[in-house]
Amino acid sequence: MEKVLFGLDTFGDIPANDNGELLSDAQAIRQVVAEGVLADQLGVDIIALGEHHREDFAISSPEMVLAAIATQTEKIKLSTGVTVLSSDDPVRVFQRFSTLDALSNGRAQVMLGRGSFTESFPLFGFDLNDYDVLFEEKINLFSQLLTEKPVTWQGKTRAPLQNADVYPKTESGHLDTFVGVGGSPESIIRAARYGLPVMLAIIGGSPERFKPYMRLYEKATEQLGTPVHPVGMHSHGVIAATDEEARELAWRSIRVSMDRIGRDRGWAPMTRERFENEIENGSYYVGSPTTVAKKIARAIKSLGVKRFDLVYSAGNQTIAERQRTIELYANEVIPQVRSILAEDAND
Amino acid sequence: MTKQIGIIGAGKLGVVLAQIALKAGYQVDIAGSGSPEKIALTMMVLAPGAEPMTSAEVLANNDVIILALPLSKFKQLGASSLAGKLVLDAMNYWWEVDGKRDDFNDPQIGTSELVQNYFKDSQVVKAFNHMGYHDLLDESIIFKPQCEQPKALALAGDNKQAVLQVQQIVTDFGFTPLVLKNLHEGLKLQPGINTFGANLHLQALQEAIDNYTDTTFGQQIAQLN
Ligand SMILES: NC(=O)c1ccc[n+]([C@@H]2O[C@H](COP(=O)([O-])OP(=O)(O)OC[C@H]3O[C@@H](n4cnc5c(N)ncnc54)[C@H](OP(=O)(O)O)[C@@H]3O)[C@@H](O)[C@H]2O)c1
């Protein structure tokens, strides 16, 4: 059986000190570097940083932060979640990540996405009306750049390329590339069309509802004759010594962060009932190590994913709280999930 | 007679409504913005049985239509193309998709009223707008083995007959309908109101609607009434 990989994801939320005061953006970024180093020491497979352009999150240039982590770590895969390709330039994205790949001895991974936020559009001078065409064209160009051969390309969203060779090349000849997907079936088919692996962002509701999407991905690759890659998923969570403690922490971190984001979109604040339901049946991986391990194992088995990333830092948690989630995840949850999966495989 | 419904928009919401409608025994025709081929695979896998078509074909084939496309796109459908039909408006103003639009965020007139004004020969009822697409799928009791109290979905319309018909559809789809006084009241289900995103049972949803003035947008609405 193929090995399941475990990751930790963050958007660079701003940590609070013990008095509840927020740290600076700069401190938040240095904290993520420290957490990446810790995750590597504890044997976590992947750290993935998401690009955002809003007050709640300090990371707008994930590959800069990953570069810092790269030079202090040995094994951990350095990924994003996601890199907003629509408002970026595919050539530069390739260059930045092939540079990261060099710095990390081949541990770079880029996850392309449309982003679930749109702040980057006005910031970089893109029109939201072009949301679809921007991503479609840019992923097309990016997939050609992945061949690491001279590229000739023409489109509406950037200057044409005539036999352009792009540097640096990677040592392996292949930059590890994923596509991050929310709930849109169209995005699954697009990833299949380019033969790229899919990461599902499952941020609410039961993970089982994504089962048909797994089938859609397989069917699409079958029809298009492209390779089938293992699929991954990411979801939010908080781990503490007891379920009680984890729930209270999640209520003042994940819930607060979700409400803040939801408010901009006109969503009503989350009720306690809804929050508890996300923990019981939905997509919040909150509790003691055993509770969380069982829940992750259930999701992995039911969907058949080969990678699970825990989004660990939502809201304004203290550094100690964040580190505790990382330590419990690495030291207790991952081994427990592996043994549940192994037991089931032997049944 | 088999029940029949047409869905315009084959994205996150359109697919979920197609899945629910099929399970409820409806015949389903569905269209995205482009050709049927573009959505054929999605339908085959996610909602087998739903018939992919062009939107013109969906409109020609059905008397009951759900609008599940971005709000800023509804005028891409001809004003007379829905004449004589019952139209369920599930669309919301989502600025990240629709761009900044003051007319979609106006406390004087709801977005479903704008839709009704445009399709003036149709009966527009606001429905299926306030619950997220994955909640709709997770909560519809038609997928649940054991009998549970269904969650409530609010709807708003001006025509009694049309509202009755939509009540039946909401019930068929596995929810408890909660009927508001008229289409204008649909404002109380829009983004910015505490009902938006609501996944609640009947009484709690009614309370959320009654407390609409808890929000800034709700207060603006109340001041005008
Ligand atoms: N997502 C939710 O949870 C939710 C819940 C309640 C209500 N809503 C509302 O439902 C609507 C759709 O949302 P969504 O999340 O499903 O968006 P989505 O995933 O982006 O899907 C939009 C769909 O509309 C289609 N479309 C666009 N222009 C069209 C046209 N002129 N004729 C026919 N189809 C057209 C698109 O087709 P192409 O892909 O071919 O462009 C796509 O299939 C929005 O108004 C939203 O506010 C959403």
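Here the structure is a predicted model, which is why all the values come from computation and not from measurement.

Looking now at the site of the ligand. All names here are of chain B. Taken together, 24 residues sit near the ligand, with Ala10, Leu13, Ser33, Gln76 and Tyr133 positioned nearest. Here an oxygen atom of the ligand and a backbone polar atom of Leu69 are 2.9 Å apart. By residue class, the composition of the shell around the ligand is 12 nonpolar, nine polar and three charged.

Counting residues in hydrophobic clusters, the biggest one holds 121 residues, and the most contacted among them are A:Phe142, A:Leu200, A:Ile296, A:Tyr329, B:Phe128, B:Leu136 and B:Phe173. In terms of residues, this core owes the most to one element, helix α12 (residues 319–346) of chain A, which gives eight residues. Residues within four places of B:Phe173 in sequence aside, it is in contact with B:Ile5, B:Leu17, B:Ile20, B:Ala21, B:Ala24, B:Tyr26, B:Ile66, B:Phe128, B:Ser140 and B:Ile142. Within the second largest apolar cluster, 20 residues are counted, among which are B:Leu71, B:Leu82, B:Phe104 and B:Val115.

This part covers the UniProt feature "domain: Pyrroline-5-carboxylate reductase catalytic N-terminal" (unreviewed entry) in chain B. Sequence positions flagged by UniProt for "domain: Pyrroline-5-carboxylate reductase catalytic N-terminal" (unreviewed entry) are, in local numbering, residues 4–93 of chain B. Across residues 4–93 of chain B, the secondary structure splits into 33% helix and 22% strand, with the terminal C-alpha atoms separated by 27 Å.

The subject of this paragraph is the packing of aromatic side chains. Applying the stated criterion across every chain, the model contains 17 aromatic pairs over all chains. An aromatic cluster is built from A:Phe11, A:Phe57 and A:Phe117, whose rings are joined through pairwise contacts. The ring of A:Phe117 has A:Arg265 sitting right over it, with the charged end atom 5.1 Å from the ring centre. Above the face of the B:Phe104 ring, B:Arg101 is positioned so that its terminal group lies 4.0 Å from the ring centre.

This part is about empty space enclosed by the protein. Taken as a whole, this structure holds four cavities of 30 Å³ or more when the rule is applied. Considered as a void within the structure, the largest cavity measures approximately 80 Å³ in volume. As for the largest cavity, its lining consists of A:Arg209, A:Pro212, A:Tyr213, B:Val15, B:Val16, B:Gln19, B:Leu46, B:Tyr133 and B:Leu137. Contributions of two or more residues to the lining of the largest cavity are made by α7 (211–224) of chain A together with α1 (12–23) and α6 (133–139) of chain B. Ranked by the residues each element gives to the lining of the largest cavity, the list is headed by α1(B), at three residues. Of the residues belonging to the lining of the largest cavity, the class tally is seven nonpolar, one polar and one charged.

All names here are of chain A. The omega torsion across Gly81 and Val82 is 0°, close enough to zero to call that bond cis. Among the structural elements, Val82 can be located in the loop between β3 (77–80) and β4 (83–84). Between Tyr167 and Pro168 the backbone carries a cis peptide bond, its omega angle lying at 0°. Positive phi, normally seen in glycine, also occurs at Glu148, with a value near 60°. By the element assignment, Glu148 lies in the loop between α5 (131–145) and β6 (151–153). Its identity as a non-glycine residue notwithstanding, Asn163 has a phi of 50°, on the positive side.

Moving on, we come to the interface of chain A and chain B. Where interface size is quoted, it is often the accessible area lost as the parts come together. In this complex, chain A contributes 28 residues to the contact, which on the side of chain B involves 27 residues. Where chain A abuts chain B, roughly 2400 Å² becomes buried across the two surfaces, and 58% of that area is made up of carbon and sulfur atoms. Counting the surface chain A buries against chain B, the share from its top three residues, A:Arg209, A:Arg265 and A:Trp267, is 21%. Along the contact surface separating chain A from chain B lie two salt bridges. Seen at the junction of chain A and chain B, the total is eight residue pairs in polar contact (both at pLDDT 80 or more). Elements that contribute at least two residues to the side of chain A that touches chain B include exactly α6 (185–193), α7 and α10 (272–280) of chain A. Residue contributions to the side of chain A that touches chain B peak at seven residues, all from α7(A). Among the residues making up the side of chain A that touches chain B, the classes are represented as 10 nonpolar, 10 polar and eight charged.

What follows is about the sheet that holds strand β7 (residues 152–157) of chain B. All names here are of chain B. Pairing within the open sheet is mixed, and its eight strands lie in the order β3-β2-β1-β4-β5-β6-β7-β8. For this open sheet the edge positions go to β3 (51–52) and β8 (176–179), each flanked by a neighbour on one side alone. As defined by bridge partners, β7 adjoins β8 across four bridges and the pair is classed as parallel. Pairing of Ala154 across the sheet is with Leu178, part of β8. Set on the sheet, helix α5 (residues 111–118) makes contact with β4 (64–67), β5 (86–89) and β6 (123–126); between it and β6 the angle comes to about 165°. In the packing of helix α8 (residues 202–210) onto the sheet, the strands contacted are β7 and β8, and the crossing angle to β8 comes to about 25°.

This part takes up the UniProt feature "domain: Luciferase-like" (unreviewed entry) in chain A. Taking the numbering used here, the UniProt-annotated feature "domain: Luciferase-like" (unreviewed entry) corresponds to residues 19–306 of chain A. Taken end to end, residues 19–306 of chain A comprises 44% helix and 15% strand; its first and last C-alpha atoms sit 40 Å apart.

Residues and elements named next belong to chain A. Look at α6 against α7: their axes get within 9 Å of each other, and the N-to-C directions meet at 40°. For the element pair α6 / α7, the angle class is oblique. With respect to the hand of their crossing, α6 and α7 are arranged in right-handed fashion. Contact residues: Pro185, Ile188, Ile189, Ala192 and Arg193 in α6; Tyr213, Leu216, Tyr217, Ala220, Thr221 and Leu224 in α7.

Here the focus is the pattern of salt bridges. All names here are of chain A. A full pass over the atoms with the stated rule returns 31 salt bridges over all chains. For Arg114, the salt bridge identified is with Asp132, shortest N-O distance 2.9 Å. With Arg114 in the loop between β5 (109–113) and α4 (120–123) and Asp132 in helix α5, the pair connects residues that are 18 residues apart, well separated along the chain. A relative accessible area of 16% places Arg114 in the buried class.

Here is what the cut-offs are and how they apply
Residues numbered from 1 in each chain as written. Chains lettered and ligands numbered in written order. Predicted model: local features only at pLDDT ≥ 70, side-chain atom pairs only at ≥ 80, totals over all residues. Heavy atoms only, no water. Near = heavy atom within 4 Å. Polar contact = N/O pair within 3.5 Å; in protein donor to acceptor, adjacent residues only side chain to side chain. Nonpolar A, V, L, I, M, F, W, Y, C, P; charged D, E, K, R; others polar. Core = buried A, V, L, I, M, F, W, Y, C linked by side-chain atoms within 4.5 Å. Buried < 20%, exposed > 50% of the residue type's maximum accessible area, 1.4 Å probe, protein only. Helix = DSSP H or I, 4+ residues; strand = E, 2+ residues; numbered from the N terminus. Contact = heavy atoms within 4.5 Å. UniProt positions renumbered as here; feature names shortened; annotations may be inferred. Phe/Tyr/Trp six-rings, centres within 6.5 Å; stacked < 30°, edge-to-face > 60°. Lys NZ or Arg CZ within 6 Å of the ring centre and 35° of its normal. 1 Å grid on protein atoms, 1.4 Å probe; cavity = no way out; pocket = protein on both sides within 12 Å on 5 of 7 lines; lining within 4 Å. Points joined across faces, edges and corners; volume = space filled by probe spheres on them. Buried area = accessible area lost by both parts, 1.4 Å probe. Salt bridge = Lys/Arg side-chain N within 4 Å of Asp/Glu carboxyl O. Pairing = 2+ DSSP bridges. Axes fitted to C-alpha atoms, helices over the stretch in contact; angles between N-to-C directions. Parallel < 35°, antiparallel > 145°, perpendicular 65-115°, else oblique. Left-handed = near helix turned anticlockwise from the far one by under 90°.

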